[in-house]
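# Observations on chain architecture
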Amino acid sequence: MMEGNSTAGSFTPAQQFSVADLVVVVVYFSLNVAVGIWSSCRVNRNTVSGYFLAGRDMAWWPVGASLFASSEGSGLFIGLAGTGAAGGIAVTGFEWNATYALLALAWVFVPVYISSGIVTMPEYLQRRFGGERIRMYLSGLSLLLSIFTKISTDLYSGALFVQVCLGWDLYLSTVLMLVVTGLYTIMGGLVAVIYTDALQTLIMVLGAILLAVKAFNEIGGYPNLEEAYLKAVPSKIVPNTTCHLPRADAMHLFRDPVSGDLPWTGMTFGLSVMATWYWCTDQVIVQRSLSAKSLSHAKAGSILASYLKMLPLFVIIMPGMISRVLYPDAVACVDPEECARVCGATVGCSNIAYPKLVVELMPSGLRGLMIAVMMAALMSSLTSIFNSSSTLFTMDIWRKLRPGAGERELLLVGRVVTVVLVALSVVWIPILQSSSGGQLYIYIQAVTSYLAPPVTAVFVLAVFWPRANEQGAFWGLMAGLVLGLARMGLELVYPVPRCGVPDRRPWLLADIHYLHFAVLLCAATGAVVAGGSLLTPPLPPARLKNLTWWTLSRESPQPSVDGTSQEPPDGCCSAALGSQRPSKAEGPPAAALKDTTEPPFWARICGINAVVLMCINIFCYAYFA
């Protein structure tokens, strides 16, 4: 890969990376570690609730910033800008669709999760359905999804960024970042993660806005974007094909349901299925909302995150398109030999759109800041995933293997799991490097659409349909897994053909878009869950108290009741609660968590804000549709 760097002129960064840049990077990272250490000292992180749920004492603004930062890893910076460069603005749907899922999270799912008094998502399903097998299966699935989709893409894209900007070796930069990230996750637990996220979100957004302004200046402002983009064609093309031409519908969000690269039907329905999985049932995200002080803070955090999610079109995706306008030979290459020379991947180099802009346009010092931000984006999503995965393993798998494990043992295991995840991720890098860079982002979205929809179906039915029971849910998950893995196997056997190669894939792949497949898979799982539940005896109503939307207790709990009701059936948090009680200064005892009531004034404020937010979202959709 390195010889590709030396031949393309822009990849000799030694003279471009100045002392000022280096100073900025060093200052930034020391600041980051300082924030991590400061926040760790604020909460008693030697209790389970303190380490894994930040003492349940977070205000709305760090919650919102952390929700945004956890979802905007450097993988999304590079992936969104790259997809923008390759196909225009339709990929914005992935960001804007999150608004509705985030509102559903705060208004529907979080009250249910809070009143059921849980720490992890699989634990909720176990309370709701009983039995162990669903909880174990989901914990395993989440761990696998995070290693193969989240950790690996973030590592690959972060390392790609460093390589383009600094010319460092891919492995060196990745290992260095992993060490720093792992250190402060292991030292500080969730509080460190949430406060450093808030800092990084601020810098990410400011840096990205700065770069976007500079990029728009280069092409003479927004009005010229469409015209310039449609002319951005590389000089070397594959004869008798059209893949070097930009898409004619580049400036449209909604595209043809049959021939579009991101069909509007899939972006509306299929994406909603995946967004519900990601925002409402995924450990990484829900853990952020559960650490809020109160339900109002969780709602306000969701609203803040949704507003931030409106930005990527203007500060990531359009700059990606401008990168193609400014450097068509590198970013838009289609000839396999030319692409291999530019970025080492024969399938295309749209992934380098964002790093290329940073290296070419940012002045000295600010370039260092942007690199620090990309590292920060990488670290923030990695810390989130490491922390959540260790929570999952400790609470759901280890406690099953060793029911008598004490507080100290659980915390130790949580830290060991983080180390193991780091090791696995490093081993995964060479596999990633050899997998085609251009296909990586598509592969991630696709893997999600094969594995996540069954989980969405089961959670939605668990919350809204009291009749759903364990047998139905388990066999629904199994059926969904089989169908999803079948499609995924086909996808690996028949990859998307390169430019100029005829498409000979079976119709299941060629004609059913993965976003459409997500809808079908979710529906199929739902049908199996419904059938299985109706054929087997229902759960007794007493078992469902506080576990579904219809059986929430709406009144404010009495302290006496609360002490007993807070004890979960399997004694999970009794140790945490015991050790929480003396530390009143650190924050409310974990028992306060049961309360889903909110002050009417703040409930109204949150509601009005949510309506305003949806109006803005719908207006933007309509404007760009």
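Residues numbered from 1 in each chain as written. Predicted model: local features only at pLDDT ≥ 70, side-chain atom pairs only at ≥ 80, totals over all residues. Heavy atoms only, no water.

Another point: the pattern of salt bridges. It is possible for side chains bearing opposite charge to pair when their charged atoms get close. Scanning the model with the defined rule gives 12 salt bridges in all. When the shortest N-O distance is used, the salt bridge between Asp335 and Lys236 registers 3.9 Å. Here Lys236 lies in the loop between helix H11 (225-230) and helix H12 (264-281) and Asp335 lies in the loop between helix H16 (328-331) and helix H17 (336-343), a separation of 99 residues in the sequence. For Lys236, a relative accessible area of 43% puts it in the partly exposed group. Two residues, Lys236 and Glu338, come together in a salt bridge whose shortest N-O distance is 3.7 Å. Taken as a pair, Lys236 in the loop between H11 and H12 and Glu338 in helix H17 lie far apart in primary sequence, 102 residues in all. The structure contains a network of salt bridges with shared partners spanning Lys236, Asp335 and Glu338. (Salt bridge = Lys/Arg side-chain N within 4 Å of Asp/Glu carboxyl O. Helix = DSSP H or I, 4+ residues; strand = E, 2+ residues; numbered from the N terminus. Buried < 20%, exposed > 50% of the residue type's maximum accessible area, 1.4 Å probe, protein only.)

In this structure, Glu132 sits in the loop between helix H8 (121-129) and helix H9 (133-166). Through-space distance from the C-alpha of Glu132 to that of Glu470 is 9.7 Å; in sequence the pair is 338 residues apart. Not counting chain neighbours up to four residues away, the residues in contact with Glu132 comprise Gln126 and Lys400. (Contact = heavy atoms within 4.5 Å.)

Overall, the coordinates contain nine cavities of 30 Å³ or more when judged by the stated rule. Of the voids in this model, the second largest cavity is the one considered here, and its volume is about 100 Å³. Lining the second largest cavity are Met121, Pro122, Leu138, Leu141, Ser142, Leu145, Trp277, Thr281, Asp282, Gln283, Val455 and Phe459. Here the residues of the lining of the second largest cavity sort into eight nonpolar, three polar and one charged. (1 Å grid on protein atoms, 1.4 Å probe; cavity = no way out; pocket = protein on both sides within 12 Å on 5 of 7 lines; lining within 4 Å. Points joined across faces, edges and corners; volume = space filled by probe spheres on them. Nonpolar A, V, L, I, M, F, W, Y, C, P; charged D, E, K, R; others polar.)

What follows concerns helix H18 (residues 353-361). For H18, the tally of buried residues reaches eight of nine residues, placing the bulk of the element in the interior. Residues of H18 that are buried include every one of Ala353, Tyr354, Pro355, Lys356, Leu357, Val358, Val359 and Leu361, and no others.

The backbone of Asn546 sits at a positive phi, close to 65 degrees, despite the residue not being glycine. Relative to the elements of secondary structure, Asn546 occurs in the loop between helix H25 (514-535) and helix H26 (559-566). The class for Asn546 is buried, based on a relative accessible area of 12%.

Where H8 contacts helix H22 (residues 453-464), the two axes come as close as 11 Å, and the packing angle between them is 50 degrees. Judged on the interaxial angle alone, H22 and H8 are oblique. Crossing angle aside, the handedness with which H8 passes H22 is left-handed. Along the contact surface, H8 presents Met121, Tyr124, Leu125, Arg128 and Phe129, while H22 presents Val458, Phe459, Leu461, Ala462 and Val463. When the residues that make up the contact of H8 with H22 are grouped by side-chain class, the tally is nine nonpolar, no polar and one charged. (Axes fitted to C-alpha atoms, helices over the stretch in contact; angles between N-to-C directions. Parallel < 35°, antiparallel > 145°, perpendicular 65-115°, else oblique. Left-handed = near helix turned anticlockwise from the far one by under 90°.)

Moving on, we get to the nonpolar core. Counting residues in hydrophobic clusters, the biggest one holds 149 residues, and the most contacted among them are Tyr113, Tyr124, Leu125, Trp279, Met318 and Tyr354. Counting residues per element, this core draws most heavily on H9, at 14 residues. (Core = buried A, V, L, I, M, F, W, Y, C linked by side-chain atoms within 4.5 Å.)

Here the focus is the packing of aromatic side chains. Per the stated rule, a full pass over the model turns up 18 aromatic pairs. When the ring of Tyr124 is compared with that of Phe459, the centres are 6.1 Å apart and the planes differ by 20 degrees; the resulting orientation is stacked. You can see Tyr124 sitting in helix H8 and its partner Phe459 sitting in helix H22, a full 335 residues away along the chain. Since its relative accessible area comes to 1%, Phe459 is described here as buried. Between Tyr278 and Trp279, the aromatic rings sit 5.1 Å apart at their centres with planes inclined by 90 degrees, giving edge-to-face as the arrangement. Aromatic rings pair up to connect Trp96, Phe254, Trp264, Phe314, Phe619, Tyr621, Tyr623 and Phe624 into one cluster. One residue, Lys356, lies across the ring of Tyr327, its end atom 5.2 Å from the ring centre. (Phe/Tyr/Trp six-rings, centres within 6.5 Å; stacked < 30°, edge-to-face > 60°. Lys NZ or Arg CZ within 6 Å of the ring centre and 35° of its normal.)

This part covers the packing of H12 against H22. Interaxial distance between H12 and H22 falls to 8 Å at its minimum, and their mutual angle equals 65 degrees. Considering their axes alone, H12 and H22 lie roughly perpendicular with respect to each other. Crossing handedness for the pair H12 and H22: left-handed. Residues Val273, Thr276, Trp277 and Thr281 of H12 touch H22, and the partners they reach there are Pro453, Val455, Thr456, Phe459 and Val460. Partitioned by chemical class, the residues of the contact of H12 with H22 number six nonpolar, three polar and no charged.

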